[in-house]
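Letter by letter, the chains look like this.
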Amino acid sequence: MADDERDEQPEQPEQPEQPEQPEQPEQPATSRDDAEVTTAPEPPEPSAATGESDQQTVAAQADAAQADAAHTDAEQVDAQQTDAEPAGGAPAPAEADSSEGGASAATPSRKVSALRVIGLTASALALVGAAAGIVVLGDRADGAPTAALDVPVVAVPPGTITQVCAGPPELTTGEGMSVDPDVDPSDVVPETVLDVLSLPRDDSAAGEATFSPLDGDEVGLERAGAVRRLEVTDPPGPGVLRARPAGTTSALVAGATLTRTDAGDLRGLVATPCLAPATTSWLVGGATELGQSSALVLTNSGQTPATVDATLWTSLGLADAPRLRGVTVAPGERTTILLEGVASADPVLALRVEAAGGEVTASIQDLRLDGLVAAGIDTVTPGAAPALRTVVPGVVLDGAAPGAVATSAVRLVNPGDETATASVLLLGEDGAVQVPGADAVVLDPGAVLDLSLDGIEGGVYAVEIDSDVPVTGAVVLARTGTAGDLDPDTAPVDRAWTAASELLTSAVLPLPGLGSLAGPATVTLTNPGEDDVDVELTPVGGDAGDVVEVTVPARSTTATDIAEGVAVVMSADAGVAAAVVLTAESADGELITVLPASPDPHTARSVRVDVR
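Right, let's walk through the structure included here. (Residues numbered from 1 in each chain as written. Predicted model: local features only at pLDDT ≥ 70, side-chain atom pairs only at ≥ 80, totals over all residues. Heavy atoms only, no water.)

**Here's the deal with the pattern of salt bridges**
Inference 1: If you walk through the whole model with that rule in mind, you get 15 salt bridges.
Inference 2: Of the charged contacts, one joins R244 and E208 as a salt bridge, the two residues approaching to 2.5 Å between their closest N and O atoms. Linking R244 in the loop between strand 9 (239-243) and strand 10 (252-261) with E208 in the loop between strand 4 (191-199) and strand 5 (209-213), this pair joins segments that are 36 residues apart in sequence.
Inference 3: A relative accessible area of 45% places R244 in the partly exposed class.
Inference 4: The partner of E590 in a salt bridge is R479, with the nearest N and O atoms 2.8 Å apart. Residue E590 is located in strand 35 (residues 589-596), and its partner R479 is located in strand 27 (residues 459-480); the two are separated by 111 residues in the primary sequence.
Inference 5: Taking the relative accessible area as the measure of exposure, R479 reaches 5% and is therefore buried.
Inference 6: Ionic contacts of the salt-bridge type, sharing partners, join the residues R389, E464, D466 and R555 into one network. (Salt bridge = Lys/Arg side-chain N within 4 Å of Asp/Glu carboxyl O. Helix = DSSP H or I, 4+ residues; strand = E, 2+ residues; numbered from the N terminus. Buried < 20%, exposed > 50% of the residue type's maximum accessible area, 1.4 Å probe, protein only.)

Written out as structure tokens, the structure is:
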């Protein structure tokens, strides 16, 4: 019977004391690591249950320190056993156990037992690592760090991709709409297009996909050349896009909803990407001052109820919001919470939405009125989690004169318990541009504030936020129109939110309603790094044209106009922040909205495990 099997046997009756064995000569250590193994703290012994139970028990107790010790000790024990074995496979001489006063060759080895526990811990952590990247930092017993092991990205087996697509925006302030009597009634009726796509890859055709309203039947996406596509005009509400794997990779799918309204309370251009359900979402945007409504929309496309807890930060810091805790979202249902009923009369909001029992999609519909005149509508979608550096793409400024009715602004939130000092830069087509007064912005714990971009020269930018503690942010763009007869002193405004973005090397940029509801699209690419990045933009659908090759200079942003097509597939040799800006001209001014890049679902499902 092997030594590791004896570890699991019940305790044997005490044996008669054996005659004292002659003292064995001290064995020289074959390496420094050999000596370290014998003095390392002994890991807890596993239970006598099955191997699966052992893994669950160890995984439940393992924290980052145990993972560090496990990684280092496994290497050290392995090296000690290899070095100690004489040539020819002969058994190594017995080594005295200083802690127990010596042991016979038949006594189970504590090092082997430790190795078994280490193996169980590593196995349990590997299971967790399949769902998220793990960084394991290993230290030697003498405190010196071990060498880093370069572990590549691990591709998770492909599965069904699920995304939730929004319906048209809805009034939250009553049944009617305040409208100029001289305006054509048809102008106040929203026009909406919901466009979902499954795209081919270099090595596979477009994956099969279906779309279904939350309360309706599935409809398959139809082939249009190499693409599978479904366009829904004026959908009654949200729906769910599902796509099966395309060969050995996840399907390349994306979609978005675009709504245009030329007059009335809902005047504006609103684009919302189809979102993948998540357990945590960061939403930076919205307000609840007089005339402003922010509706938190939670959708559960899964098969089990999800319990949602939302944490709210306002201009006064962390808010006590019991109505946002323990919110149950039933399977296949949508729940809307008006934030003005939670934190009234507040000019700045930011939320973290966490789901348990299932995943949900979360967004905020931000609607504003200035008396009887529309003051902007858009959807706040999830952005990047707080970090020391974040980038907000798609910031197209119109160069409004100082003191304009509405100005664009950067919103910052510090959700932590420490004071943050942040700097805000614009990365434009000619490099970095300073934002006046934003080189050292102090953010108290829980603070949310807006920094005006008033007076910045018009152009295409991204916002870069650097901080000494993790923060996140977003940008709201504003376009001021021409006042009408309803209120000659008040001009209408449209607004667009763009959130902090992850840096991507592969993504899809949907172009819903391009050519019908919106004019030419502007794809913005931002490179916050120190080296130039080469990017390929491949238009998809119609007479979309050839591949566009773009070099994005270091610390800069580029803009590429796309006139036709249903989407653009982006491929870059290093991470960039990407977005597409859509505009339209109404009778009283420009309408604007920003769509973030949709990450390649296959890349998004892959995880990186760094072992150091």
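**As for the nonpolar core**
Inference 1: L283, L296, L298, V308, L324, L351 and V353 are the most contacted members of the largest nonpolar core, which totals 33 residues.
Inference 2: Counting only elements with at least two residues in this core, the list comes to strand 12 (280-284), strand 13 (292-300), strand 14 (306-314), strand 16 (327-329), strand 18 (349-356), strand 19 (361-370), strand 22 (409-413) and strand 27.
Inference 3: Apart from the residues within four sequence positions on either side, L283 is in contact with L296, A350, L351, V353, A362, S363, I364, V380, T381 and P382. (Core = buried A, V, L, I, M, F, W, Y, C linked by side-chain atoms within 4.5 Å. Contact = heavy atoms within 4.5 Å.)

**Section: the sheet that holds strand 11 (residues 268-273)**
Inference 1: With antiparallel pairing, the 5 strands of this open sheet are ordered in space as 7-8-4-10-11. Because the sheet does not close on itself, it has two edges, and the strands there are strand 7 (222-224) and strand 11. The sheet shows a mean angle of 25 degrees between the axes of neighbouring strands, direction not considered.
Inference 2: Note: strand 7 against strand 8 (residues 227-233), 3 bridges, orientation antiparallel. Bridge pairing links E222 to R229 in strand 8. (Pairing = 2+ DSSP bridges. Axes fitted to C-alpha atoms, helices over the stretch in contact; angles between N-to-C directions.)

**Digging into the pairing of strand 13**
Inference 1: Counting buried positions along strand 13 yields 9 of 9 residues, so the element is predominantly enclosed.
Inference 2: Neither face of strand 13 is open: one carries Q292, S294, L296, L298 and N300, the other S293, A295, V297 and T299, and all of them are buried.
Inference 3: When strand 13 meets strand 19, the two strands line up antiparallel, connected through 8 bridges. Counted as the bridge partner of T299 is T361 from strand 19.
Inference 4: By the bridge criterion, 6 bridges tie strand 13 to strand 17 (residues 333-338) in an arrangement that is antiparallel. Paired with V297 across the strands is T336, a residue of strand 17.

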